[in-house]
Amino acid sequence: MRVARLHAAEDIRISHEPVPVPGPRESLVRVEAVGLCGSDLHWFDQGGIGDAVIDHPLVPGHEFAGTALTGPHEGRLVAVDPAIPCGGCPMCLEGHRNLCPTVQFAGHGHLDGGLRQYMAWPTGLLHPLPEGMTAADGALLEPLGVALHAWDLSHARAGATVAVIGCGPIGLLLVQLALTCGAGRVIAVEALAHRRAAARSCGAHTVLTPEEAQDPATWKQLAGLGCEVSFEVCGHDETIRTALLAARPGARVMLVGIPDDDRSCFPAGLARRKGLTLVLVRRMKEMYDRTIELVSSGRIDVRGLVSSTYPLEQAHHAFGAAVAREGLKTVLDPQEP
């Protein structure tokens, strides 16, 4: 099978390797769609994320779906949960599988991810997709799950005014979720014109440039005391400051973005005077049943976020385009020649 392995920053190579043999309680999956996530771009562009660095050739990719070729879902299109928690630690037993200290995650550490034609994966982490959903739809259930987990943690109430700072795929999914879950008003902030247009298409009531959003008077005019919840989905210090500016006193500020250098700074006085609660978002919990329902029912559109699809052989070009923030969601199809 063809495999894309990342050897170092900006060094991704196509190789030919044996098709894996499923072990006990595993199924063989033919991978048909892999979305490139912001964390994948950190691996490609910088050779790591925070204190995790590439120390051996690794197959990236944790947003993926395909067809199960063996096991109880044989012949079915399935979305693949990329996280393999231990299942027995206090975090897992309390329902916080995303906080398992020994969780294994596809495309991270020593566990190869989805940028290959076939993979053996725990059968219990395969989620059959209903008729009408595509492999690319299934791959985007993972970022939708992250957005949904962030929404759950925000404790946002119906009718709330919500800010979304950063309109990449997860930010755009948060715009849609906020509207679906009853937000009274959604204000989006984005630097790139084509992503501002996408935020409008997703239903954001107001879309601002970063320059407009850094003026406190803008938020006073739009939201009075400010937004009940503010989602920061970029990971930059300036966007965190914008999220704090957008928030009303006593609000929750959700830090979803991952910083480039494993450091985040914010104006402490601004956050303290407002009595803000800053919440860091770590991946997701058990979200697949809910995300499948949201997409299959038409409440959330993931298909419209896919802006380009590449074959595996063009992985380097696909990563480069995604790092340059071209389009919205970049997807690779390992089965394409």
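Description of the structure in this document.

**As for unusual backbone geometry**
Phi is positive for Arg 25, close to 60°, though the residue is something other than glycine. The topology assignment puts Arg 25 in the loop between strand 2 (11-16) and strand 3 (26-35). Residue classification places Arg 25 among the exposed positions, given a relative accessible area of 73%. Phi at Arg 283 is positive, roughly 50°, even though this residue is not glycine. Mapping Arg 283 onto the fold places it in the loop between strand 17 (277-280) and helix 11 (288-296). Given a relative accessible area of 18%, Arg 283 falls into the buried group.

**As for the pattern of salt bridges**
Under the defined criterion, the tally for this structure stands at twelve salt bridges. A salt bridge links Arg 303 to Asp 137, with the nearest nitrogen and oxygen atoms 2.4 Å apart. Placement of the pair is Arg 303 in the loop between helix 11 and strand 18 (306-311) and Asp 137 in helix 3 (residues 135-139), with a sequence separation of 166 residues. In this structure Asp 137 comes out as buried when scored by relative accessible area, which is 2%. One salt bridge in this structure joins Glu 293 and Arg 299, with 3.4 Å as the shortest N-O distance. By relative accessible area, which is 42% here, Glu 293 ends up partly exposed. A network of salt bridges, in which partner residues are shared, links Arg 5, Glu 17 and Asp 112.

**Looking at the sheet that holds strand 15 (residues 227-232)**
Strand order in the open sheet formed by six strands is 14-13-12-15-16-17, and the pairing between neighbours is parallel. Edge positions in the sheet fall to strand 14 (206-208) and strand 17, since each of these pairs with one other strand and no more. On average, adjacent strands in this sheet sit at an angle of 20° to one another, irrespective of strand direction. Sitting on the sheet, helix 4 (residues 141-154) is in contact with strand 12 (161-165), strand 15, strand 16 (247-255) and strand 17, with an inclination near 150° to strand 16.

**Looking at the pairing of strand 3**
Within strand 3, eight of the ten residues are buried, which leaves the element mostly enclosed by the surrounding structure. Pairing of strand 3 with strand 10 (residues 118-122), which is carried by five bridges, proceeds in the antiparallel orientation. Counted as the bridge partner of Ser 27 is Trp 121 from strand 10. In this sheet, strand 6 (residues 63-68) lies alongside strand 3 in antiparallel orientation, the contact comprising six bridges. Of the residues in strand 6, the one forming a bridge with Gly 35 is Glu 63. When strand 3 meets strand 19 (residues 329-333), the two strands line up antiparallel, connected through two bridges. Bridging from a neighbouring strand, Gly 35 pairs with Val 331 of strand 19.

**Comments concerning the packing of aromatic side chains**
Under the criterion given, the structure shown has three aromatic pairs. On the numbers, 6.0 Å between centres and 85° between planes, the contact of Phe 64 with Trp 121 is edge-to-face. Note that Phe 64 is positioned in strand 6 and Trp 121 in strand 10, a separation of 57 residues in sequence. Of the two residues, Phe 64 and Trp 121, both sit in the buried class.

**Description of helix 11**
Taken residue by residue, helix 11 has Tyr 288, Thr 291, Ile 292, Leu 294 and Val 295 as its buried positions. Relative to the axis of helix 11, the buried residues are bounded by an arc of 165° and lie together on one face. Looking at the buried side of helix 11, the elements it contacts are strand 7 (77-80), strand 11 (126-128), helix 4 and helix 5 (169-180). Just downstream of helix 11, Gly 298 is the residue with a positive phi angle, here 85°.

**Concerning the side chain of Ser 154**
Its place among the elements puts Ser 154 in helix 4. Ser 154 gets classed as buried once you look at its relative accessible area, which sits at 1%.

**Examining the packing of helix 4 against helix 5**
Helix 5 packs onto helix 4 with a crossing angle of 55° between their chain directions and a minimal axis gap of 9 Å. It follows that helix 4 is oblique to helix 5 by the angle criterion. The interaxial crossing formed by helix 4 with helix 5 has right-handed handedness. Contact with helix 4, carried on its side by Pro 143, Leu 144, Val 146, Ala 147, Leu 148, Ala 150 and Trp 151, involves Ile 170, Leu 173, Leu 174, Leu 177 and Ala 178 of helix 5 and no other residues of that element.

**Thoughts on the state of the cysteines**
This structure, assessed with the given rule, holds zero disulfides. Of the cysteine sulfurs around Cys 202, a residue in no disulfide, the closest is that of Cys 167, at 8.2 Å. The structure places no disulfide on Cys 265, whose sulfur is separated from the nearest cysteine sulfur, that of Cys 234, by 16 Å.

**What about the nonpolar core?**
As a rule of thumb, nonpolar side chains are buried together in soluble globular proteins. Counting residues in each nonpolar core, the largest one holds 53 residues, and the members touching the most others are Leu 141 and Phe 231. With sequence-adjacent residues up to four places away left out, Leu 141 is seen in contact with Ala 79, Leu 129, Met 133, Tyr 288, Thr 291, Ile 292 and Val 295.

Rules and cut-offs
Residues numbered from 1 in each chain as written. Predicted model: local features only at pLDDT ≥ 70, side-chain atom pairs only at ≥ 80, totals over all residues. Heavy atoms only, no water. Helix = DSSP H or I, 4+ residues; strand = E, 2+ residues; numbered from the N terminus. Buried < 20%, exposed > 50% of the residue type's maximum accessible area, 1.4 Å probe, protein only. Salt bridge = Lys/Arg side-chain N within 4 Å of Asp/Glu carboxyl O. Pairing = 2+ DSSP bridges. Axes fitted to C-alpha atoms, helices over the stretch in contact; angles between N-to-C directions. Contact = heavy atoms within 4.5 Å. Phe/Tyr/Trp six-rings, centres within 6.5 Å; stacked < 30°, edge-to-face > 60°. Arc of directions from axis to C-beta. Parallel < 35°, antiparallel > 145°, perpendicular 65-115°, else oblique. Left-handed = near helix turned anticlockwise from the far one by under 90°. Disulfide = S-S within 2.5 Å. Core = buried A, V, L, I, M, F, W, Y, C linked by side-chain atoms within 4.5 Å.

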